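Architecture at a glance
Each chain, letter by letter, is given below.
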Amino acid sequence: MAKFFLENFGCRATDADTAALRHSLLGEGLQPCADAAAADIVVLNTCTVTAAADSQGREAIRKIHRSNSSATIIVTGCYAQRAPEEIAALEGVTWVVGNARQHEIPGLARRHSADGFVPLAELESAGMSLARGPAKILTGDIFEQSTIDLAGAPTGHDGGHVVGKRTRPILKVQDGCNNRCAYCVIPFVRGRSRSLPPDAVVSEARRLAAGGAKEIVLSGINLGSYGRDLAPRAALATVVRRILDETPVEHVRFSSIEPQDVTEDFVGMVAGSDRLAPHFHVPLQSGSDRILRAMHRWYRAELYAQRIELIRRKLPAAAIGADVIVGFPGETREEFGETLRFIEALPLTYLHVFSFSARPGTKAESLGNAVPHEAIRERARELRALSAAKSAAFRQSQAGKPVRALTLARGGENWTEALTRNYLKVRIAGRIAANNWRRLVLTGNQHELCAEQRDAIPTESVLEDDLRQRQVAAVGD
């Protein structure tokens, strides 16, 4: 039986695609493998949101080929959709499959595992063409995509882990984006905005719950636009209420929501249910109105501040995160200072900081007036320091409060990592199976969190985990 290895780069939407690929490969009779060096087939699901993401993908390909030169390497995802010839020229790559035809990967893998090769006639009938390098390219027109492929999720669970190796599975309910932010290449590699119909969302939520999931993460490239492409139109809040009313899912978390979609009704819905995570990730990008206009963002700093204050007013303990881009073309030191002061004044609890990277085909690529690299690095350092200070203050503000936390798979000899409803990662003393809710009381300060027994709440010793926020390779998720 052929063994496969999957590696994912990028956002939650890409992560969801990788989980679907894993399920489909298992369905083709292939065996999962924990090490690329021992796999017959390696599938890399790439990101292209920044030049660094492209570089990370290329380096992973080279490393895998060096350690396992006989492996069939299939490269897919956003980088593969954007620049297939660039990837096909890399030594060791067998196939480059774009997002538009990602669903064909399991069939390619099955045919490889059966006889080790695919006849040329079969390649031609599948629409493949030979690239300049040894790899074959299979991309297609992403803008022809009008639906989301529903790969489904297996039911059943094993030892506290949801099948698919995720304690908190991602349910991608929306893909693509109709916006054209000046810096963002994602619409060109993900296509137009499209939504999973509400009945399918509810059905998938049920399947995930049947598979053991206690928390699911609703994800999309532009999640707040969910349902606008459907006939009849639907709304994200409507399908969320159906999940709460019609499924046994215990807890729902959201990926990022654009500020214009953080309405009073939506925040009120989250505040009114203990099955919805008090956690909002609201992309900001800049606190300067001039830069926001140049970025083609649809809001200004004042509206953003109003929406963040709305969340804090209705949900005092909510985690609130933001994406910020530093070094957009033409950004002056004074405009960066506007962003810094704006964020300082907001009740944000963490930041994802991105250094600007010109993406091919975007408007920002041709703007000129580039910010020097050293200035970008320095501004990024300042924002990350501010993020660390805000995270520490938020953790300290939660001391003494009872929380519910879901145990994760990560742990050590005498501790287990858990995630609170409001997005605090903590270490619980002792080894506890993943995917279990624990009731804790956090005490101490930003350097050490402990738990005290309170009535029926079991005594747990809780230590602070490393909560410095990892930069994610996605602006839209």
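Residues numbered from 1 in each chain as written. Predicted model: local features only at pLDDT ≥ 70, side-chain atom pairs only at ≥ 80, totals over all residues. Heavy atoms only, no water.

1. Let's talk about the sheet that holds strand E14 (residues 251-254)
As summarised here, the arrangement of the three strands in space is E10-E13-E14, forming an open sheet in which the pairing is parallel. Each end of this open sheet is capped by a strand with a single partner; those strands are strand E10 (170-172) and E14. The average angle at which neighbouring strand axes cross in this sheet is 30°, direction not considered. Taken together, the four bridges between strand E13 (residues 215-219) and E14 define a ladder with parallel strand orientation. By the bridge assignment for E14, Leu 218 is matched with Phe 254. (Pairing = 2+ DSSP bridges. Helix = DSSP H or I, 4+ residues; strand = E, 2+ residues; numbered from the N terminus. Axes fitted to C-alpha atoms, helices over the stretch in contact; angles between N-to-C directions.)

2. What about the pairing of strand E19 (residues 415-420)?
Most of E19 sits inside the fold, with six of its six residues counted as buried. Because side chains alternate across E19, one face comprises the buried residues Trp 415, Glu 417 and Leu 419, and the other comprises Thr 416, Ala 418 and Thr 420, equally buried. Note that strand E18 (residues 402-411) and E19 share four bridges and pair antiparallel. Its bridge partner lying in E19, Gly 411 is registered against Thr 416. Once E18 ends, the chain turns through three residues before running back antiparallel as E19. (Buried < 20%, exposed > 50% of the residue type's maximum accessible area, 1.4 Å probe, protein only.)

3. A word on the pattern of salt bridges
Side-chain pairs of opposite charge can arise whenever the charged atoms involved come near each other. With the rule as written, the count across this model stands at 27 salt bridges. Ionic pairing is found between Glu 104 and Arg 101, a salt bridge with its closest N-O pair at 2.8 Å. In this structure Arg 101 comes out as buried when scored by relative accessible area, which is 19%. When the shortest N-O distance is used, the salt bridge between Glu 374 and Arg 377 registers 2.8 Å. Highlighted residues: Glu 374 and Arg 377, both in helix H14 (residues 373-397), separated by three residues, approximately one helical turn. The class for Glu 374 is partly exposed, based on a relative accessible area of 42%. According to the relative accessible area criterion, Arg 377 is partly exposed, its value standing at 43%. Each member of the salt-bridge network shares a partner with another, and the members are Asp 17, Lys 172, Asp 175, Arg 190 and Arg 194. (Salt bridge = Lys/Arg side-chain N within 4 Å of Asp/Glu carboxyl O.)

4. Points about the environment of Asp 261
In this structure, Asp 261 sits in the loop between E14 and helix H10 (264-271). For Asp 261, a relative accessible area of 14% translates into the label buried. Between the alpha carbons of Asp 261 and Leu 223 there is a distance of 9.1 Å; along the sequence they are 38 residues apart. In this view, Asp 261 contacts Asn 222, Gly 224, Ser 225, Arg 228, Phe 266 and Arg 307; residues no more than four positions away in its chain are not counted. (Contact = heavy atoms within 4.5 Å.)

5. Details of the side chain of Ser 286
Relative to the assigned elements, Ser 286 resides in the loop between strand E15 (279-281) and helix H11 (289-295). Here Ser 288 takes part through its backbone nitrogen, which lies 3.1 Å from a polar atom of the side chain of Ser 286. A distance of 3.4 Å separates a polar atom in the side chain of Ser 286 from a polar atom in the side chain of Thr 339. Aside from chain neighbours lying at most four places away, what touches Ser 286 is Ile 291, Leu 292, Met 295 and Thr 339. (Polar contact = N/O pair within 3.5 Å; in protein donor to acceptor, adjacent residues only side chain to side chain.)

6. Brief notes about the environment of Cys 177
Mapped onto the elements, Cys 177 comes out in the loop between strand E11 (174-175) and helix H7 (186-190). According to the relative accessible area criterion, Cys 177 is buried, its value standing at 11%. Between the alpha carbons of Cys 177 and Asn 222 there is a distance of 6.0 Å; along the sequence they are 45 residues apart. Residues within four places of Cys 177 in sequence aside, it is in contact with Pro 187, Gly 191, Arg 192, Ser 193, Ile 221 and Asn 222.

7. A closer look at unusual backbone geometry
A cis amide bond links Ala 231 with the next residue in sequence, Pro 232, at an omega value of 0°. Position of Pro 232 relative to the elements: it lies in the loop between E13 and helix H9 (236-246). For Asn 435, which is not a glycine, the phi torsion comes out positive at approximately 75°. As for its placement among the helices and strands, Asn 435 is situated in the loop between strand E20 (425-429) and strand E21 (437-441).

8. Focus: the nonpolar core
Counting 61 residues, the largest nonpolar core has Tyr 304 and Leu 383 as its most contacted members. Setting aside its immediate chain neighbours within four residues, Leu 383 contacts Val 324, Val 326, Phe 336, Leu 340, Ile 343, Leu 351 and Val 353. Judged by nonpolar contacts, the second largest core, of 45 residues, contains Val 49, Leu 90, Met 295 and Phe 354. (Core = buried A, V, L, I, M, F, W, Y, C linked by side-chain atoms within 4.5 Å.)

9. A closer look at the packing of aromatic side chains
The final tally for this structure, using the stated rule, is six aromatic pairs. Taking the centre distance of 6.5 Å and the plane angle of 75° together, the rings of Phe 266 and Phe 280 count as edge-to-face. Placement of the pair is Phe 266 in helix H10 and Phe 280 in strand E15, with a sequence separation of 14 residues. Phe 280 matches Phe 266 in its accessibility class, with the two residues each being buried. Ring centres of Tyr 304 and Phe 342 lie 6.2 Å apart, and the angle between their planes is 55°; this geometry places the pair in the tilted category. Placement of Tyr 304 in helix H12 (residues 301-314) and of Phe 342 in helix H13 (residues 333-345) is noted, with a sequence separation of 38 residues between them. Taken as a pair, Tyr 304 and Phe 342 share a single burial class, namely buried. Ring pairs connect the aromatic residues Phe 254, Phe 266 and Phe 280, which therefore count as one cluster. Seen from the ring of Trp 437, Arg 404 lies directly overhead, with NZ or CZ sitting 4.2 Å from the centre. The aromatic ring of Trp 415 is capped on one face by Arg 427, whose charged end is 3.8 Å from the ring centroid. (Phe/Tyr/Trp six-rings, centres within 6.5 Å; stacked < 30°, edge-to-face > 60°. Lys NZ or Arg CZ within 6 Å of the ring centre and 35° of its normal.)

10. Let's talk about the pairing of strand E17 (residues 350-355)
With five of six residues buried, E17 lies mostly within the body of the structure. Handedness of the crossover joining strand E16 (residues 319-326) and E17 through H13: right-handed. (Right-handed = clockwise from strand over helix to strand, strands pointing away.)

11. Concerning H10
For H10, the complete set of buried residues consists of Phe 266, Val 267, Met 269 and Val 270. Axial view of H10: buried residues confined to an arc of 155°, hence all on one face. Taken together, the buried residues of H10 touch H9, E14, E15 and H12. (Arc of directions from axis to C-beta.)

Read these as layout, nothing more, since geometry by itself doesn't imply function.
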